[in-house]
Amino acid sequence: MDAFEYRNGRLYCEDVPADDLADRAGTPLYVYSRRTFELHYDRIAAAFAELDPLICYSIKCCANLHLLKLMVARGSGMDIVSGGELHRAMAAGVDPARIVYAGVGKTDPEIERGIAAGIGCFNIESEQEFENIDAIAARLGRTTHGALRVNPDVADPHTHAKTTTGAKETKFGVDIERARRFFHTYGRNENCRLDAIHLHIGSPIYSAEPYVRAINKAMTLIDELRSEGYTIDAIDLGGGYAADYETGRSPAYEAYAAAIVPLLRRRNLRVILEPGRTIAANAGILLTQVQYLKTGGSRTFAIVDTGMHHLIRPAMYDAFHFIWPTRAPGMVPPRRSAQMELQLPGAGLQTYDVVGPICETGDTLAKGRALPKLSRGDRLAIFTAGAYGMAMASNYNAFPRPAEVLVDGDRATLIRRRETYDDLIGPEMNPSPL
Ligand code: LLP
């Protein structure tokens, strides 16, 4: 379900050959498909339509201003996690009432900005944070809304340990028992009105089942709180819906909705969704160029001009990203599958470790991957790179970050210029006594 396809052995993004983009903008290059972004958003909205949810695109996964504007035009709200993301969201023109603000470490200036902007809701993670938001709202003479992030102690066994959040021992949210006490203590405060429950159980979650368990626990809590006279207006289900990294493992939005919608129908709750990855991941690829080929022991390395500094997911989460040359005449790209890593090279295929230029052994994008025979200068596309790709890119080893291009049909727009060497040292240019 994306707009990257091979036509006569050449990779296209919508109607533009990927190589044309690389010729014009260079590599490494993040390329996004407008159609894919919008399609994913529309499909989630359609799947959950019966609940008329507020969809708050989780901008941490891919926050280029121009992509955010596409989401705003679609009617999306935004899930943010910092003052910087608030700044991006506002710059994209989102209605602040459609912003939900999560995160365990919100600072006073960030909270002040959120309240001043009139955001819809703070997703609150601890007692001290609630007290601080309530006090700041009082000082500013404002009221704001809070959703208590409840940690329902469910986890998807397929989710990487580094991105599991719904289990008991994480820094996120409070457990159900503590949630009751939380409402007893703060549930009638005036400046920050605690009137919603927030869940986010991790990412990616490959089936509806963990959501069902979490929602059932949350609904029991909501029923209890309501019977005690507390007003609960909304439930925020968080994000975490999977993306199709490996064929066949990610259910369609309809599969999540079929299990989730019946639990929330006629419950008199506004439903909020915070999808990120599932919208952006397959809407973006990272184009890179092979610099050198080298053997080492039994391995052959394809050394490319990008790596863990631009796409950290393989190094950080052992994540699988399908990789294939932008041009492979006569070769049909195999179905995307993690199993490919286990296959012996077939006709015309060789096994490569695709590695970057960073001075770390962990700078490996793919290990033992069967690919058409590569030469210096060949370009590779790293697929499903739209989410947590550029968003997690760094300047490690003083490499400028890639440019970003948005394709719309047969048109392409440079939506972020390539960083320069001067960008790297700019903030260090005017030292001042402190
Ligand atoms: N809501 C909250 C409160 C979150 O913490 C997150 C993601 C989302 C929504 C969006 O989750 P999504 O729909 O994108 O899965 N860097 C990791 C993923 C970290 C997710 C952090 N929180 C990765 O590359 O897999």
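Worth saying up front: this structure is predicted, and the values here are computed from it rather than measured.

Caption draft 1: Summary view of the overall build of the protein. For the protein, the helix and strand inventory stands at twelve helices and 20 strands. At 23 Å, the protein has a C-alpha radius of gyration in line with the 22 Å of a compact globule built from 434 residues. For the protein, the C-alpha atoms occupy an extent of roughly 70 × 60 × 40 Å along the three principal directions. For the protein, the residues scored as buried account for 53% of the 434 residues in total. Residue pairs at least 24 apart in sequence account for 69% of intrachain contacts in the protein once pairs closer than 6 positions are excluded. A total accessible area of about 18500 Å² is found for the protein, and carbon and sulfur atoms account for 50% of it. Distance between charge centres in the protein, computed from 49 positive and 53 negative side chains, equals 3 Å.

Caption draft 2: Highlighting the site of the ligand. Close to the ligand lie 18 residues, the nearest being Ser 203, Glu 274, Arg 277, Arg 313 and Tyr 388. The contact in question runs from an oxygen atom of the ligand to an N or O atom on the backbone of Gly 276, over 2.9 Å. Backbone polar atom of Arg 277 to an oxygen atom of the ligand: 2.7 Å apart, as the coordinates give it. Surface burial for the ligand is 91%, taken as the share of its 590 Å² of free accessible area covered by protein chains. In terms of residue class, the shell around the ligand is made up of four nonpolar, eight polar and six charged. Here the shell around the ligand spans two domains, since at least three of its residues come from each of domain 1 (4–31 + 281–427) and domain 2 (34–277).

Caption draft 3: Focus on the domain arrangement of the protein. Examined at the domain level, the protein breaks down into domain 1 (4–31 + 281–427) and domain 2 (34–277). Computed from C-alpha coordinates alone, the two centres of domain 1 and domain 2 are separated by 32 Å. Between domain 1 and domain 2, the residue contacts involve 27 residues of the former and 22 residues of the latter. Across the domain 1 to domain 2 interface the summed buried area is about 2200 Å²; carbon plus sulfur atoms make up 53%. Considering only the side of domain 1, the residues that lose the most area to domain 2 are Tyr 317, Tyr 388 and Ile 415, jointly responsible for 23% of the buried surface there. There are two salt bridges connecting domain 1 and domain 2. In this structure, the connection of domain 1 to domain 2 is made through nine residue pairs in polar contact (both at pLDDT 80 or more). Of all the secondary structure elements, the ones that give two or more residues to the side of domain 1 that touches domain 2 are helix H11 (313–317), strand S19 (403–408) and strand S20 (411–416).

Caption draft 4: Fine view of the sheet that holds strand S5 (residues 54–58). Spatial strand order, S5-S6-S7-S8-S9-S10-S11-S12: eight strands in a closed barrel with parallel pairing. Between one strand axis and the next, the sheet turns by 30° as a mean value, whatever way the strands run. Of the pairings in the sheet, the one linking strand S10 (residues 192–198) to strand S11 (residues 234–236) comprises three bridges and is parallel in character. Along S11, the bridge assignment pairs Ile 197 with Ile 235. Contacts between helix H6 (residues 127–140) and the sheet are confined to strand S8 (121–124), strand S9 (144–149) and S10, with S8 contributing the most and set at about 155° to the helix.

Caption draft 5: How the structure looks around the nonpolar core. Formed by 124 residues in total, the largest nonpolar core has its most connected members in Phe 37, Phe 48, Tyr 57, Ile 235 and Leu 237. The biggest single contributor to this core is helix H8 (residues 209–227), with eight residues. Discounting residues that sit within four places of it in the chain, Phe 37 has contacts with Tyr 32, Tyr 57, Cys 62, Leu 67, Met 71, Ile 279, Ala 280 and Ala 283. If you look at the next biggest cluster of nonpolar residues, it comprises eight residues, including Cys 56, Ala 147, Ala 234 and Ile 272.

Caption draft 6: Quick peek at the pattern of salt bridges. Inspection of every chain in the model, using the stated rule, returns 28 salt bridges. Between Arg 193 and Glu 190 there is a salt bridge; the shortest N-O distance is 3.4 Å. Judged by its relative accessible area of 35%, Arg 193 is partly exposed.

Caption draft 7: Seen up close, helix H2 (residues 34–47). For H2, which comprises 14 residues, the first-to-last C-alpha distance of 20 Å matches the rise-based estimate of 20 Å (1.5 Å per residue) to within 8%. If you check which residues of H2 are buried, you get Thr 36, Phe 37, Glu 38, His 40, Tyr 41, Ile 44 and Ala 47.

Caption draft 8: Main features of the environment of Asn 132. In this fold, Asn 132 is placed in helix H6. Overall, Asn 132 belongs to the partly exposed group, its relative accessible area being 25%. It is 47 Å that separates the C-alpha atoms of Asn 132 and Gly 26, two residues lying 106 residues apart in sequence. Sequence-distant contacts of Asn 132, that is, excluding residues within four places in its chain, are made with Asp 108 and Ile 111.

Caption draft 9: Up close: the pairing of strand S2 (residues 10–13). As judged from the four bridges shared by strand S1 (residues 4–7) and S2, these two strands associate in the antiparallel manner. Bridge assignment links Phe 4 to a residue of S2, and that residue is Cys 13. What sits between the antiparallel neighbours S1 and S2 is a turn of two residues, in which Asn 8 has the positive phi angle 50°. Bridging between S2 and strand S3 (residues 16–17) involves two bridges; their strand directions are antiparallel. Residue Tyr 12 lies in a different strand from S3, and its bridge partner there is Pro 17. Once S2 ends, the chain turns through two residues before running back antiparallel as S3, passing Glu 14 with a positive phi of about 50°.

Caption draft 10: Spatial organisation of the state of the cysteines. Using the criterion set out here, one finds zero disulfides in the structure. With no disulfide of its own, Cys 56 lies 9.2 Å from the sulfur of Cys 121, the closest cysteine sulfur. For the unlinked cysteine Cys 192, the closest cysteine sulfur is that of Cys 121, found at 7.8 Å. Since its relative accessible area comes to 0%, Cys 192 is described here as buried.

Conventions we followed
- Residues numbered from 1 in each chain as written.
- Predicted model: local features only at pLDDT ≥ 70, side-chain atom pairs only at ≥ 80, totals over all residues.
- Heavy atoms only, no water.
- Helix = DSSP H or I, 4+ residues; strand = E, 2+ residues; numbered from the N terminus.
- Rg over C-alpha atoms; globule rule 2.2 N^0.38 Å.
- Buried < 20%, exposed > 50% of the residue type's maximum accessible area, 1.4 Å probe, protein only.
- Contact = heavy atoms within 4.5 Å.
- Areas by Shrake-Rupley, 256 points an atom, 1.4 Å probe, with all protein chains shown as cover.
- Lys, Arg positive; Asp, Glu negative; His and termini not counted.
- Charge placed at Lys NZ, Arg CZ, Asp CG, Glu CD.
- Near = heavy atom within 4 Å.
- Polar contact = N/O pair within 3.5 Å; in protein donor to acceptor, adjacent residues only side chain to side chain.
- Nonpolar A, V, L, I, M, F, W, Y, C, P; charged D, E, K, R; others polar.
- Domains from an automatic or database assignment.
- Buried area = accessible area lost by both parts, 1.4 Å probe.
- Salt bridge = Lys/Arg side-chain N within 4 Å of Asp/Glu carboxyl O.
- Pairing = 2+ DSSP bridges.
- Axes fitted to C-alpha atoms, helices over the stretch in contact; angles between N-to-C directions.
- Core = buried A, V, L, I, M, F, W, Y, C linked by side-chain atoms within 4.5 Å.
- Expected span 1.5 Å × (residues − 1).
- Disulfide = S-S within 2.5 Å.

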